[in-house]
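Each chain, written out:
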Amino acid sequence: MTQTARTPFMGRRSLLTGGAALTAGAALTATSAVPAQAAPPQGITTPGPVTVTPDDPRYADLTRGINQRWAGRPEYIRLVTTTGQVVSAVQEAVRAGKRIAVRSGGHCYEDFVFNKDVQVVIDMSAMTEVYFDQARGAFAVEAGASNLNVYEALYKLWGVALPAGSCYSVSAGGHISGGGYGLLSRRHGLTVDHLYGVEVVVVDKDGTARAVVATREKNDPNRELWWAHTGGGGGNFGVITRYWLRSPDVSGTDPSRLLPRPPSEVLLHASALHWDDLDEESFTRLLRNWGSWHERNSAPDSPYTSLFGLLKLTHRSAGQVGLITQMDATVPGARALLDRYLTEVLEGVGAKGRAMTRRMGEHAPLPQFSAPRRLPWFLATDSLSGANPTLRGKYKSAYMRKGFTDAQIKALYKHLSRTDYSNPDALVQVDSYGGRINAVASDATAVPQRDSVLKLQYMAFWTDEADDARHLAWVRDLYRDVYADTGGVPVPGEVNDGCYVNYPDTDLGDPAWNTSKTSWAELYYKGNYPRLQRAKAAWDPRNVFRHAQSVRLP
C-alpha cells in the first residue's frame, strides 16, 4: 500500500478548537463528567450517523474485513462519528432486540463481527481523531484511528509514540484493548501499559445505553471497567469510543513528556536464508539460536530492549526464510549490538543471509535492507507497515517463556518442509518479546503473560474458497503437532504460556483441536478470567456484546 492510500492523520478535530472528550453536539449520559467540546466553525456540520442497508452499493465493502473468509449479512450498518451517535445506535438496536457487533478497523481474524447471527454492525471507522485532551492531561484516540493514523499524529505533533503494532491499518478499537504490542514494546511495554482511561457505551440491566468513562485512578468507581480494557479484548463489555493515553510514571502537563519518545533514528535490517540452503540440522540450529538468544537478552534492563526481531518461518515453497530487525540507532554501540545479535542468531547455521525478495505475511519484499540502514524512526515505521486486505486466512498464536523444545522444532520443520502441501503465503512468525513488557505484574492489567520472551503467530493466506479445507488442515495439523505434548494447544507451563486474544482462534474451543483440559478463556487470560467475568456482570449484565469467544457472564 502506498502512503497516499492511507487515512490522513488530521480529520474532524482539525476543524475544532481545543481538545476535549466529545464531538460537538454529542448528547450522552456519563458516570464520569466529560468536558464539552467547542463548536465547529460556522458552516461546518458534524457528519453522520449514516445507515447502510443491503441495497446500498457500499454494503459489500462494509460487511467484510481483512479476512475474506467472512462476509456478514446484517440488516444494516450504522456508521457513527460521535459518542452520542453510538449511544443512540446501541439504544435503537437493544430496543428492537437486534444482535449487535462492532467494527473499528475490520481486522478481527474470526467471524465475530461478520457473522450470520449479527443483525446490526456499528461501524467506528469514521471516528479517527487523535488529539491532546488538556482537561484530562492525556492523549485521546478515537476507536477508528489506525496505527499509522496514531503514529503520525503523536509523533509529528508532539514527538511521542505508542508501542503498538506494525500493521498500518489496524485500528485502536480492538488493538489497544487486547494488549497490542509492536516494535517498541521491548523498550516501552504494551499499549495497555500506557492506558489512562477509556470511554465505553454500555447497556445496563434495564436495557438503557449510556456512555461511561473509566480511568486508572485508584478512586475511580469505574476503575474495574478500565482494567477490563487493559487486555480483555474487544467486543466484550460495550462499544469503545475513545481511549486516553498517558504513561503511568510521568508528571507535568507538557504533552511531549506524557508518552514514550521513540528513537530519532533506527537501524533497519532484513535478510533471508534460502530454503535450498537449509536442512533439518541447520533449521534446528537456527531455532535453537533464536530461542536461547531471547532467553538471555529479554530482561527488562537488558541493553537489547532496544532491539526487536521478527523471524519469518515460511513454508519451503516460498523459497526463503526471513529475518527482520529494528534497532534503536541512538543507543551507545547500536551497530555493534546489532551485528553481535545477527552473528549469534546465525552462528553454525551455515546458510548465508541474502536479500529478502519475497513477500512474507504482512511484510512486502525488503531487498533494500539487506545491509542495515539508518533511517528516521517514522520513515522506518512506514517502511514496515503492511497488511493482506484481500486474502482468506487462518491464524493461531502462542506465547513462549523459553526457546523451542526439540519436539517443537521437529514438528515445525516437518510441516514447513512438507512436499504434499505448497503455499508461499503460509508461515510461522516468531516475534521478539519480553523486555519492559515483563516489568509489569501479571494482574496489573488484564494481560497475564508477563514473563514470556517470544510470541508466535501461525498463519496461512490464500485466495480461493475452494482451497479452504486444504489450507485450514495444514495450519491446524502444524499447530496440533507443535503442542502435541499439551493437548494440541500451548498450555501455560515451563515453555509455553497460552495464546494472544488479539489473534483469536475458535479452534481453541473445539475438542477436536484442543484435547487439553485448558479452556480457550484460560489460554487467553489465565488467572485473570474470573475478574473479567465480574466486570462483564457489572457492565454488560444482559450479555448484549457477545461473540464466539466473548467473556462469559459468571
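Chains are numbered independently. Their residues run from 1 in the order of the written sequence. pLDDT decides what is reported in this predicted model: residues at 70 or higher carry local features, side-chain atom pairs at 80 or more are listed and counted, and totals for whole chains, interfaces and linings draw on all residues regardless. Values shown for side chains rest on all heavy atoms present in the structure; no hydrogens or waters enter the calculation.

A. Fine view of the nonpolar core. Tyr341, Phe404, Leu412, Leu456 and Tyr458 are the most contacted members of the largest nonpolar core, which totals 138 residues. Here this core takes 7 residues from strand E16 (residues 454-462), the largest share from any one element. If sequence neighbours within four positions are ignored, Tyr341 has contacts with Trp290, Trp293, Tyr304, Leu307, Gly309, Leu323 and Thr325. In this description, a nonpolar core means a group of buried Ala, Val, Leu, Ile, Met, Phe, Trp, Tyr and Cys residues linked to one another through side-chain atoms lying within 4.5 Å. To sort residues, take the accessible area from a 1.4 Å probe on protein chains only and compare it with the maximum for the residue type: under 20% means buried, over 50% means exposed, and anything in between is partly exposed. The next biggest cluster of nonpolar side chains, apart from the first, holds 21 residues, and it includes Val94, Ile122, Met127 and Val239. Numbering of helices and strands runs from the N terminus; a helix is a DSSP stretch of H or I covering at least four residues, while a strand is a stretch of E covering at least two. By the convention used here, residues are in contact when the closest approach between their heavy atoms is within 4.5 Å.

B. Representation of the side chain of Asp540. Within the secondary structure, Asp540 sits in the segment after helix H13 (529-539). A relative accessible area of 0% places Asp540 in the buried class. In the analysis that follows, any N or O atom pair within 3.5 Å is treated as a polar contact, provided that within protein one partner can donate a hydrogen and the other can accept it, and provided that, for residues neighboring in sequence, both atoms belong to side chains. For Asp540, the side chain forms a polar contact with the main-chain nitrogen of Val544, separated by 2.9 Å. Polar side-chain contacts of Asp540 include one of 3.0 Å to the backbone nitrogen of Phe545. Excluding its chain neighbours within four sequence positions, the residues that come into contact with Asp540 are Val203, Asn236, Phe237, Ala535, Phe545 and Leu553.

C. Local environment of the environment of Leu456. Relative to the helices and strands, Leu456 is located in strand E16. Exposure remark for Leu456: the relative accessible area of 0% places this residue in the buried category. When the C-alpha atoms of Leu456 and Lys394 are compared, they prove to be 14 Å apart, with 62 residues separating the residues in sequence. Apart from residues lying up to four places away in sequence, Leu456 is in contact with Lys396, Ser397, Ala398, Met400, Phe404, Val428, Gln429, Val430, Tyr483 and Tyr503.

D. Inspection of empty space enclosed by the protein at higher detail. Definitions used throughout: a 1 Å grid over protein atoms alone; a cavity as a set of points that fits a 1.4 Å probe which cannot get out; a pocket as an open set with protein on both sides within 12 Å along at least five of seven lines; a lining residue as one with an atom within 4 Å of a point. Grid points are joined across faces, edges and corners, and a volume is the space filled by probe spheres set on the points. If you walk through the whole model with that rule in mind, you get 7 cavities of 30 Å³ or more. Around the second largest cavity sit 14 residues that line it, and Tyr151, Ala164, Gly165, Leu183 and Thr381 are the ones nearest its centre. Under the convention adopted here, Pro, Cys and the residues Ala, Val, Leu, Ile, Met, Phe, Trp and Tyr are nonpolar, Asp, Glu, Lys and Arg are charged, and Gly plus all remaining residues are polar. A per-class count over the lining of the second largest cavity returns 8 nonpolar, 6 polar and no charged.

E. Here's a closer look at the sheet that holds strand E7 (residues 195-203). For two strands to be treated as a pair, DSSP must find no fewer than two bridges joining them. Spatially, 5 strands are ordered E5-E6-E9-E7-E8 in an open sheet, and the strand pairing comes out antiparallel. Edge positions in the sheet fall to strand E5 (130-133) and strand E8 (209-215), since each has one partner strand and no second. Averaged over all adjacent pairs, the angle separating strand axes in this sheet is 25°, with direction ignored. Sheet topology note: the E7/strand E9 (residues 239-245) ladder contains 6 bridges and is antiparallel. Within E9, the position partnered with Val201 by the bridge is Val239. Lines fitted to C-alpha atoms define the axes here, with helix axes fitted over just the stretch in contact, and angles between the N-to-C directions of these axes take values from 0 to 180 degrees. Packing of helix H2 (residues 83-95) onto the sheet brings it into contact with E7, E8 and E9, and relative to E7 it is tilted by some 35°. Across the sheet, helix H3 (residues 147-158) lies against E5 and strand E6 (138-142), angled at about 50° from E5, the strand it touches most.

F. Representation of the sheet that holds strand E3 (residues 100-103) within the structure. Spatially, 4 strands are ordered E1-E2-E4-E3 in an open sheet, and the strand pairing comes out mixed. A single partner strand is all that each edge strand has here, and the edge strands are strand E1 (50-52) and E3. Averaged over all neighbouring strand pairs, the angle between strand axes comes to 25°, with direction disregarded. Here H2 sits on the sheet and contacts strand E2 (76-79), E3 and strand E4 (120-123); the angle it forms with E2, its principal contact strand, is near 155°.

G. Examining the packing of aromatic side chains more closely. Two rings from Phe, Tyr or Trp (for Trp, the six-membered ring) form a pair when their centres are within 6.5 Å of each other. A pair whose planes differ by under 30 degrees is stacked, one over 60 is edge-to-face, and the rest are tilted. For the structure on display, the rule yields 28 aromatic pairs. Each ring, one from Tyr181 and one from Tyr433, has its centre 5.6 Å from the other, and the planes form 80°; the classification is edge-to-face. Taken together, the residues span a long stretch of sequence, with Tyr181 in the loop between helix H4 (172-177) and helix H5 (185-188) and Tyr433 in the loop between strand E15 (426-432) and E16 at a distance of 252 residues. Using a relative accessible area of 1% as the deciding quantity, one classes Tyr433 as buried. Their ring planes at 65° and their centres at 6.0 Å tell us that Tyr524 and Tyr525 sit as a pair that is edge-to-face. For the pair shown, Tyr524 and Tyr525 are each scored as buried. Grouped by ring-pair contacts, the aromatic residues Tyr109, Tyr181, Tyr395, Tyr399, Tyr433, Phe461, Tyr500 and Tyr503 constitute a single cluster. Throughout this description, the term charge over a ring refers to an Arg CZ or Lys NZ atom that lies within 6 Å of the ring centre and within 35 degrees of the ring normal. Here Arg136 stacks its cationic end above the ring of Trp244, 4.6 Å away from the centre of that ring. One residue, Arg246, lies across the ring of Tyr196, its end atom 4.3 Å from the ring centre.

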